[in-house]
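Read off the chains here:
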Amino acid sequence: MRKTVTAALGLLLAASAAGCGQPAGEIANSDDAVNMAIVAPAADAAADLAAPPPASAAPAAPASATVEPPTTAPAPAPQVARIAYVYRYGLELPVEKAPALMARHEQACSAAGPAVCQVIGSRSSRYGRDQLTAQLEIRATPAFIAAFRARLAGDAEAAGGRIAQAATESEDLTRAMVDTEARLRALTTLRDRLQQLLATRSGPLAQLLATERELARVQGELDAARSSLELMRTRVATSRLIIEYTAEGQLAPDSAFRPATEALDNALTVFMSMVGALILFFAGALPLVLVGAPLVWFVLRWRRRERERRAAAKRAAAPAAT
């Protein structure tokens, strides 16, 4: 019994010494303030020991027998993976059906509304009459993407085509988001302290300006971190779907006359290329002919007249010599 009373008095003296320390306001403003959630169980245990036992109770057991072992802290909840998905599909379709199917897919996304599906971009390129390449990229909720992918094969078959390729890409953003959230909390705390410092303290103008510059820098980093976190949250909450439409016309691909048809096409191409080269040659030579032909004609005529004159002079000189 004496040991139990001594232990209770020791705990009461410790609690009284703690109560006579700093005021509550000073403890709240100190950086080394004690966590009251941790102190409360010890204070409650001291109060229980200090209370007198009831008259009908048995003699108190030794203090070592009444103290329960500390309970272990609950394990932290497992971090949920935050993954951004990208789905890619390649469709091979007839050249006359590809634009219509692409327009129908784009219309389905637009009809769902911007809160469910958004068209990020689309493009289409056509080469001649029998070649076409197009691409549609959308971002939508996982439910919309799942339903869209489920009916994609049926849409391709209904248009006379097929799914030529399919791929799924994923990016784990868990660590990046956790780091960004921690950085966001740290920047928010630093910003609040700087704002409080500017509001409660006065000093030289240089110090105030330096504090304001630091506050502006922290606010800029805070806004950038929020934008980055919001972008990553959007990537995780939605998924991207990229569809490539390919159409190539073929002339009797399985026919026995295909080599001869290709040879005739190549021969016609070579013939027309030579015709084009001749046209270019004559187009370049025509100015030379128009300018050079009269000049050559005058030179030849002058030389002929010169020969005739010399011949006439020789004939006139021959009788005089005789």
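Reference entry: report on the structure contained in this document. Here the structure is a predicted model, which is why all the values come from computation and not from measurement. Along each chain, residue indices are assigned from 1 in the same order as the chain's sequence is written. Predicted model: local features are reported for residues with pLDDT of at least 70 only, side-chain atom pairs are reported and counted for 80 or more only, and whole-chain, interface and lining totals are derived from all residues. The side-chain quantities take in all heavy atoms of the structure and omit both hydrogens and water.

1. Side note on the side chain of Gln 135
Rules: Put simply, DSSP H or I for four residues or longer makes a helix, DSSP E for two residues or longer makes a strand, and each gets a number counted from the N terminus. Remark: exposure states derive from per-residue accessible area (1.4 Å probe, protein chains only) relative to the maximum for the residue type, with buried under 20%, exposed over 50%, and partly exposed in between. Here a residue-residue contact requires only that any non-hydrogen atoms of the pair lie within 4.5 Å.
On the secondary structure map, Gln 135 appears in strand 3 (residues 131–140). In this structure Gln 135 comes out as buried when scored by relative accessible area, which is 18%. Other than its neighbours up to four places away in sequence, Gln 135 contacts Met 102, Gly 121, Ser 122, Arg 123, Ile 242, Ile 243, Glu 244 and Tyr 245.

2. What about the state of the cysteines?
Each disulfide consists of a covalent bond between the sulfur atoms of two cysteine residues. Rule in force here: Throughout, a disulfide means two cysteine sulfur atoms within 2.5 Å of one another.
Applying the stated criterion to the full structure yields one disulfide. A sulfur-sulfur distance of 1.9 Å marks the disulfide that ties Cys 109 to Cys 117. As the torsion about the S-S bond is roughly -100°, the Cys 109-Cys 117 disulfide counts as left-handed. Neither Cys 109 nor Cys 117 differs from the other in exposure class; each is buried.

3. Quick notes on the nonpolar core
Here is the rule we go by: By nonpolar core is meant a set of buried Ala, Val, Leu, Ile, Met, Phe, Trp, Tyr and Cys residues that side-chain atoms within 4.5 Å join together.
One finds Leu 91, Leu 93, Ile 138, Leu 241, Ile 243 and Tyr 245 to be the most contacted residues of the largest nonpolar core, which totals 25 residues. For this core, the secondary structure elements donating two or more residues are strand 1 (83–92), helix 5 (98–112), strand 3, helix 6 (142–150), helix 7 (152–158) and strand 5 (239–248). With five residues, the top contributor of residues to this core is strand 3. Each residue touching Leu 241, except ones within four places of it in the same chain, is listed here: Tyr 87, Tyr 89, Leu 136, Glu 137, Ile 138, Ile 145 and Phe 148.

4. A short note on the environment of Gly 161
Structurally, Gly 161 is set in the loop between helix 7 and strand 4 (162–172). Once the C-alpha coordinates of Gly 161 and Leu 93 are considered, the two residues, 68 residues apart in sequence, prove to be 4.2 Å apart. With residues near it in sequence (within four places) discarded, Gly 161 still touches Glu 92, Leu 93, Pro 94 and Ala 156.

5. A short note on the pattern of salt bridges
Opposite charge on two side chains permits pairing when their charged atoms draw close. Spelled out, the test is: Only one rule defines a salt bridge in this text: a Lys or Arg side-chain nitrogen within 4 Å of an Asp or Glu carboxyl oxygen.
All told, the structure shown has 14 salt bridges when counted by the stated rule. The shortest N-O distance in the salt bridge between Arg 217 and Glu 214 comes to 2.4 Å. Taken together, the residues span about one helical turn, with Arg 217 and Glu 214 both in helix 9 (residues 205–237) at a distance of three residues. What makes Arg 217 partly exposed here is its relative accessible area of 38%. Given the relative accessible area of 30%, Glu 214 is considered partly exposed. Each of Arg 183, Glu 214, Arg 217 and Glu 221 takes part in a single network of salt bridges with overlapping partners.

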